[in-house]
Amino acid sequence: MEITFRLNGEDVTLSTEPTTTLLDWLREDRGLTGTKEGCNEGDCGACTVMVTDDQGPKALNACILFLPQLHGKAVRTVEGIAAPCGALHPVQEAMVDHHGSQCGFCTPGFIVSMATDHLTGSKDHDTTLAGNLCRCTGYAPIIRAARAAEAAPIPEHMRDTPPSSFPKNLGGAKRGQSPHALPTTSDELAAWAVEHPHGTIVAGATDVGLWVTKHHAPLGPVAFLHACDDLKEIEETEDAIRLGAAVTISRAMDALPYEELREMFRRYGSTQVRNAATIGGNIANGSPIGDSPPPLVALGATLHLRRGDTRRALPLEDFFLDYKKQDRAPGEFVEAVTVPKRPDRLRVYKLSKRADQDISAVCGAFYVPLDKAGNADEPRIAFGGMAGTPKRALHTEAALHDQPWTIASVERALPAMARDFQPLSDMRASAEYRLHTAKNMLLRAVMADTGAPLSVAEVRAEMRA
Amino acid sequence: MSVAKPLPHDAARLHVTGAARYTDDVPTPSGTLHLAFGISRIARGKVISMDLAKVRAAPGVIDVLTAQDLPAENDVSPSNHDEPLLSDGTVHYLGQPLFAVVAKSHLAARYAATLGEVEYSEETPILTVEDALAADSRFEDGPRIYSKGDVEAALTAAPHRVQGTLVLGGQEHFYLEGQSALAVPGDDGDMVVHCSTQHPTEIQHKVAEALGVPFALVRVEVRRMGGGFGGKESQGNALAVACAIAAARSGRACKMRYDRDDDMIITGKRHDFRIDYDVGFDDDGRLCGVDFTHYVRCGWAMDLSLPVADRAMLHSDNAYDLPTARITSHRLKTNTQSATAFRGFGGPQGMVGIERVVDHVAHHLSFDPLRVRQANFYASPSHVQAMTAAAGGGPPGEVQGTKKVQTTPYGMEVTDSVIADLVEVLAERSDYAARRAAVADWNAKNPVLKKGIALTPVKFGISFTLTHLNQAGALVHVYADGSIHLNHGGTEMGQGLFQKVAQVAAVRFGVGMEAVRITATDTAKVPNTSATAASSGSDLNGMAVKVACDTIRDRMAEHLAQIYQVKPAEIVFAEGRVRAGGDDISFGDAAALCYGARVSLSATGFYKTPDIEWDRIKGKGRPFFYFAYGASVSEVVVDTLTGENRILRTDIIHDAGRSLNPALDKGQVEGAFVQGAGWLTMEELVWDDKGALKTHAPSTYKIPAVADRPEIFNVSLWDGENAADTIYKSKAVGEPPFMHGISVFLALSHALTQGDAYPALDAPATPERLLNTWLRCG
């Protein structure tokens, strides 16, 4: 595929295989070795680069970013963070002054993340830097540096713009020459998908990237979604929000009016992952441990699928048939998900070994409306990590329905959980722990209505009297 | 001019601009080939057949090597010659390299390496401590035992006695830069190796042995590592040796880097331990005797397991004067990755053992654990003197009767303890007592979220226990323009060694840092070096550099004294100038004058640590030149519905002696603490029942992320100098602060305390383990 992007202020046009990663190209072809390979799976952030597109600048992991995903965008690597005259960027100065580097290997990734935050004005460093791992410093000096640089003016060269000219459409018109496509509308995508029913659709590549970097899997024909503007739309009506499949988790997080969903998304992957990963991708891959399906199922979301010109809609939970098996025909793709707007009674609990940027052992979501008597009225409960798919707790829901929403009646309903789920043991958690904590999450959901502090995140150290 | 300056790391500017080069960033000659290992998919058995036709036919493959293709030694072991580079037909663990692919690109090599068709005859693997004990699978003939006094009698006579067991998981190093090497063949059999290693000399030796050439033909260069933590002491040997063999065979440069998953599956980690204990104590919590049994899971090859297990024994007392003690250590051989060096080198495991014992004793007596700790600390020298004078009752750490000097369980006198004083200051500064009371109040009011707080001390022995390793060399040149070329045997892995040693050189010559050029570690400049390990880097190399600098400076002074008609002692080197009586010239002019007068401006320096001698079989002697001290207080909160938890606040005071660079030393303390806390909390290694490591990438193995550092994190250095004669009275700082993480572990255990049952928490204290402990004690 012939693509054009801007690299550290300079336009680059090149011909590439669809699965060459930006990291490999930078290091091996371009001779820019500042960007590091730490894990090659998007979990450490040593390869962080800043990518600017029509939605602004964002940090992304270069190790699972395929070159075609950059078409029409601007990329800035650590080599392009200091000014062209060589003057250090404020975050670079601060990292030197505050001793924020020791071995220095994670530092380029931190610098790019920090410079991106500096550009966007983000000051929640604990959240935005959760995707940059450091093994030397214990992070304290890095945060000191990030804070110290906050007020410094933004260097002009950091304001990237897309390349001056590039062909918008690498899809339809050129499909004759290459099976790979970069469609600009969902109509083009639909046509391509029918033509290549066993092709691979790449949105953010936060999962597909690993098929390539870790499993050496051939992807066959590939269609990249990021130029499909209509799939990136967010439409809000009076009673629902419709998210196009290619809406990133970062944008979904801001768009959905549920506080605990936002907090869960804050811990979903990392900034770099949320900036790439899409809501459609997280649903379409059908993972039993994807974090968006449980809350969306609990809210009663509807999934929209499309094959050619045929569209259908189904309750999200019905899409997940079995482990790695979804209700999706060859050539069919996820077009959107509609999330109803309801009073914010959603409770979401994400349980993992590490609080941030970790895959859930269990993710529980609870939407329990109350009737006038204070009884649970058609509660919807869904879990990830408890079965081969994201799954509703139908027995538990039935046991709660029309019962007083109290600890006592929840305790009576708890045994039903064992009928809903027979979880597995793996490296994240044992089956017993999963079931026990799933029950406790339901207890927490009812306790939450009493207003007591229930999250370790809300607690502070004891202070001198 | 003072050496102690909080200057930035010498490469800080290179780090932040991406210009710092690591092994994989070194520009390679054209035609460079890339290697990847094909690895075993079973943990134990024999290879019946290996069909590599598809590997050879894969795109880009140039060559495939098996054990039969190796020119000389098939061994990459640092110790016991029991670690073949490529399997000789026996499989010892799941992940063992069987063959090596040489290909035109890294990706081609990695892909081809997955295509081997291997037939095995599988045997039941020995995976756990219990498996190994049942099979009597071990290194050395039987357990090592170190003891002091009659522990049996002391236990029998003690007013109180408790027993317990503690399981401690291992730890993946997770250096951000994976293992990597580049071998470039030279003239007439020469081989140059660039490698990410803490031990260039060992790489040199292993490469030479594998090629069948004298050491002198191999040169190893290391500018920096992207983290080491012990994981690059011996674990880089395989890559360097494989690259050198392939380079010799092909005549082309060969390089190799492990993909992260391969790195975690192939290389060794921190040893996991089971520790059984039996302790006797009196009504005041004074320990009468402790009997420890260490079960050390060493993995398949000996590697460095014996000194690691020894060091665990040597830290079974931590900061406490044990009247009697016995430590029995079983070094168990299992079909898992060969456990290796990791920051603390066994010390942390031994130390958690005694800290658990003290905590258990306190729980039994319903005491604040701090009281038990203070009742048992090694006395400070000041207390010893005060005691001799006052001859009566005294403060905690009292020295009884005529016994003025306390000794460790291995017979070393402890004469430099600052632990009692340091802990007193820390307890005050952190407001420990009031916060402990506030934690109790919180716990009485909150049914779900429970808090805990703990204060734990550290006393860590400094020196390699293999005494002959305590030597170092340096090479210093002063050029005729006054610029200084600095080289020594230590390696830079982020700890700031190069910066600290350069500060020493700058002070010896009285010049600014800009005059000192730090250069890559190179076996051709300083030979026969020890690994940069055991926290020894600045102690050993700082001294060697000082010697080299002083040799040159004395020669210069002697010559300049003649010119200016003063005594050599009156020549002053300061502020980039050399002053002789009333005359004052630049250091560069001084160097030029000396050059013109045919004065040698190049010198080596050599240092060996004095006063140490150690018999590791008897367990007696003075293995350490001195001890480094410190203490930490951590407060945590645990969710008793799920076991989720958070560190709320940590305060640390750490003893770095007269720090050579307080900023870098503080950085070591902060980083080590978080790494230590990670080991004991979220970092969990999980193997399945076939011996496959299931946590082999950061997606499944979780090191602390940014928000896992304590929300309030106060770190300061103890104001004191090393009693031992070290470089500018500083103390080693790499490993000791790692063990401050223990305060987090015991704070978590404190949070789980409810009623009479002791919350005997195992590590890592994952949310699941915390919840299970909570439920067990409820």
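Fair warning: this is a prediction, and the values are worked out from it, not measured in the lab.

Undergrad: Summarise the sheet that holds strand β25 (residues 583-586) of chain B; cite the residues concerned and give the values.
TA: Residues and elements named next belong to chain B. Ordered by their spatial adjacency, three strands build an open sheet running β23-β24-β25, and the pairing between neighbours is antiparallel. Where the open sheet ends on each side, the last strands, each with one partner, are β23 (571-574) and β25. On average, each strand axis in the sheet is inclined to that of its neighbour by 20°, with strand direction left out of account. Summarising the sheet, strand β24 (residues 577-580) and β25 pair through four bridges and their orientation is antiparallel. In the strand pairing of β25, R577 is matched with S586. Across the sheet, helix α16 (residues 537-564) touches β23, β24 and β25, and the angle it forms with β23 is around 125°.

Undergrad: Could you give an account of the packing of helix α17 (residues 431-448) of chain A against helix α20 (residues 767-777) of chain B, with specific residues and numbers?
TA: At a minimum axis distance of 11 Å, the contact between α17(A) and α20(B) shows a crossing angle of 75°. Taken together, the axes of α17(A) and α20(B) are roughly perpendicular relative to one another. The residues of α20(B) that touch α17(A), namely those facing Y433(A), H436(A) and T437(A), are P767(B), E768(B), L771(B) and L775(B). The class makeup of the residues in the contact of α17(A) with α20(B) is four nonpolar, two polar and one charged.

Undergrad: Could you give me a rundown of the interface of chain A and chain B, with the residues and numbers involved?
TA: Listed per partner, the contact involves 81 residues of chain A and 95 residues of chain B. On the chain A side of the interface with chain B, the three residues burying the most area are R135(A), K353(A) and E462(A), jointly 13% of the side's total. There are 15 salt bridges connecting chain A and chain B. Among the salt bridges present, the one from E683(B) reaches R135(A), with a minimum N-O distance of 2.7 Å. The interface formed by chain A and chain B includes 43 residue pairs in polar contact (both at pLDDT 80 or more).

Undergrad: Describe in detail helix α2 (residues 90-97) of chain A, supporting the description with residues and values.
TA: The α-helix advances 3.6 residues per turn, and as a result positions three or four apart in sequence lie on the same side. Counting buried residues along α2(A), six of its eight residues qualify, which places the element largely inside the surrounding structure. The set of residues buried in α2(A) consists of P90(A), V91(A), Q92(A), A94(A), M95(A) and V96(A). Check the buried side of α2(A) and you find it contacts α3 (107-120) and α5 (140-149) of chain A together with α1 (12-17) of chain B.

Undergrad: I'd like a rundown of unusual backbone geometry, residues and numbers included.
TA: All names here are of chain B. Here A763 and P764 are connected by a cis peptide whose omega angle stands at 0°. Summarising the element assignment, P764 is placed in the loop between α19 (742-751) and α20. The backbone of E140 sits at a positive phi, close to 65°, despite the residue not being glycine. Note on placement: E140 falls in the loop between α4 (129-135) and β7 (144-148). We note that K729 has phi near 65°; this positive angle belongs to a residue other than glycine.

Undergrad: I'd love a proper account of α17(A), names of residues and values included.
TA: Relative to the 26 Å expected for 18 residues at 1.5 Å per residue, α17(A) spans 25 Å between its end C-alpha atoms, a close match to the ideal helical length. Of all 18 residues making up α17(A), 15 are buried, and the element is well covered by its neighbours.

Undergrad: If you had to explain the pattern of salt bridges to someone new, which residues and values would you point to?
TA: Overall, the coordinates contain 83 salt bridges over all chains when judged by the stated rule. Between E263(A) and R266(A) there is a salt bridge, and its shortest N-O distance comes to 2.9 Å. Residue E263(A) and its partner R266(A) are located together in helix α9 (residues 259-266), separated by three residues, close to a single helical turn. Given the relative accessible area of 34%, E263(A) is considered partly exposed. For R266(A), a relative accessible area of 22% gives the class partly exposed. Taken together, the shared-partner salt bridges connect R27(A), K36(A), E37(A), D24(B), D25(B), K255(B) and R257(B) into one network.

Undergrad: Which residues make up the packing of aromatic side chains, and what values do they have?
TA: Residues and elements named next belong to chain B. Evaluation of the coordinates by the stated rule reveals 23 aromatic pairs over all chains. Between F37 and Y258 the ring centres are 6.1 Å apart and the planes differ by 55°, which places this aromatic pair in the tilted class. Within this pair, whereas F37 is found in strand β1 (residues 33-39), its partner Y258 is found in the loop between β12 (254-257) and α8 (260-266), the two being separated by 221 residues in sequence. On the accessibility criterion, F37 (5% relative accessible area) is buried. Taking the relative accessible area as the measure of exposure, Y258 reaches 6% and is therefore buried. Where Y410 meets F624, the ring centres are 6.1 Å apart and the plane angle is 85°; that geometry is what we call edge-to-face. Here the residue Y410 occupies a position in the loop between β16 (406-407) and β17 (413-414), and F624 occupies one in the loop between β28 (620-622) and β29 (626-639), the gap between them amounting to 214 residues. Of the two residues, Y410 and F624, neither departs from the other in class, the shared state being buried. Taken together, the aromatic side chains of Y146, Y410, W614, F624, F627 and Y629 make up a single cluster linked through ring pairs. The lysine or arginine in question, R270, covers the ring of W679, its NZ or CZ lying 5.0 Å from the ring centre. Over the ring of W687 we find R297, and its NZ or CZ is 4.3 Å from the ring centre.

Undergrad: Summarise the state of the cysteines; cite the residues concerned and give the values.
TA: Summed over the entire model, instances satisfying the criterion amount to zero disulfides over all chains. The thiol of C136(A) is unpaired, and the distance to the nearest cysteine sulfur, on C103(A), comes to 3.9 Å.

Undergrad: Account for the environment of V405(B), with residues named and values stated.
TA: Residue and element names in this part refer to chain B. By the secondary structure assignment, V405 is in the loop between α12 (381-390) and β16. V405 sits in the partly exposed class, given a relative accessible area of 33%. Here the alpha-carbon distance between V405 and T415, two residues ten residues apart in the chain, equals 6.9 Å. Sequence-distant contacts of V405, that is, excluding residues within four places in its chain, are made with E413, V414 and T415.

Undergrad: Would you mind going over the packing of α2(A) against α5(A) in detail, with residue names and values included?
TA: All names here are of chain A. Following both chains from N to C, one finds α2 and α5 inclined at 140°, their axes separated by 8 Å at the closest point. In this view, α2 runs oblique relative to α5, as classed from their interaxial angle. Read as a crossing pair, α2 and α5 show a hand that is right-handed. On α5, the residues that touch P90, V91, A94 and M95 of α2 are I142, A145, A148 and A149. A per-class count over the contact of α2 with α5 returns eight nonpolar, no polar and no charged.

Undergrad: Which residues make up the sheet that holds strand β26 (residues 602-608) of chain B, and what values go with them?
TA: Residue and element names in this part refer to chain B. On the basis of which strands lie adjacent, the open sheet formed by four strands has the order β21-β20-β19-β26 and mixed pairing. Strands at the two margins of the open sheet, each flanked by one partner only, are β21 (516-518) and β26. Strand-to-strand, the axes of this sheet are offset by a mean angle of 25°, without reference to chain direction. Alignment of strand β19 (residues 471-478) against strand β20 (residues 484-488), held across five bridges, turns out to be antiparallel. Paired with V478 across the strands is I484, a residue of β20. Sheet contacts for helix α15 (residues 497-509): β19, β20 and β21; angle to β20, the most-contacted strand, approximately 130°.

Undergrad: Could you give an account of the pairing of strand β15 (residues 325-333) of chain B, with specific residues and numbers?
TA: Residues and elements named next belong to chain B. Of all nine residues in β15, seven are buried, a share of seventy percent or more. As paired strands, β7 and β15 are joined by five bridges and run antiparallel to one another. By the bridge assignment for β15, Y146 is matched with I327. Examined bridge by bridge, strand β14 (residues 287-299) and β15 share nine bridges and lie parallel to one another. Bridging across to β15, Y295 finds its partner in H330. You can see the chain leave β14, run along helix α9 (residues 305-314) and come back into β15, and the turn it takes is right-handed.

Undergrad: Could you give an account of the side chain of T107(A), naming the residues involved and the relevant values?
TA: Take T107(A): it is sitting in helix α3. There is a polar contact of 3.3 Å between the side chain of T107(A) and the backbone oxygen of G104(A). Apart from the residues lying within four places of it in its own chain, the contact partners of T107(A) are M95(A), S101(A), H15(B) and V16(B).

About the cut-offs
- Residues numbered from 1 in each chain as written.
- Chains lettered and ligands numbered in written order.
- Predicted model: local features only at pLDDT ≥ 70, side-chain atom pairs only at ≥ 80, totals over all residues.
- Heavy atoms only, no water.
- Pairing = 2+ DSSP bridges.
- Helix = DSSP H or I, 4+ residues; strand = E, 2+ residues; numbered from the N terminus.
- Axes fitted to C-alpha atoms, helices over the stretch in contact; angles between N-to-C directions.
- Contact = heavy atoms within 4.5 Å.
- Parallel < 35°, antiparallel > 145°, perpendicular 65-115°, else oblique.
- Nonpolar A, V, L, I, M, F, W, Y, C, P; charged D, E, K, R; others polar.
- Buried area = accessible area lost by both parts, 1.4 Å probe.
- Salt bridge = Lys/Arg side-chain N within 4 Å of Asp/Glu carboxyl O.
- Polar contact = N/O pair within 3.5 Å; in protein donor to acceptor, adjacent residues only side chain to side chain.
- Buried < 20%, exposed > 50% of the residue type's maximum accessible area, 1.4 Å probe, protein only.
- Expected span 1.5 Å × (residues − 1).
- Phe/Tyr/Trp six-rings, centres within 6.5 Å; stacked < 30°, edge-to-face > 60°.
- Lys NZ or Arg CZ within 6 Å of the ring centre and 35° of its normal.
- Disulfide = S-S within 2.5 Å.
- Left-handed = near helix turned anticlockwise from the far one by under 90°.
- Right-handed = clockwise from strand over helix to strand, strands pointing away.

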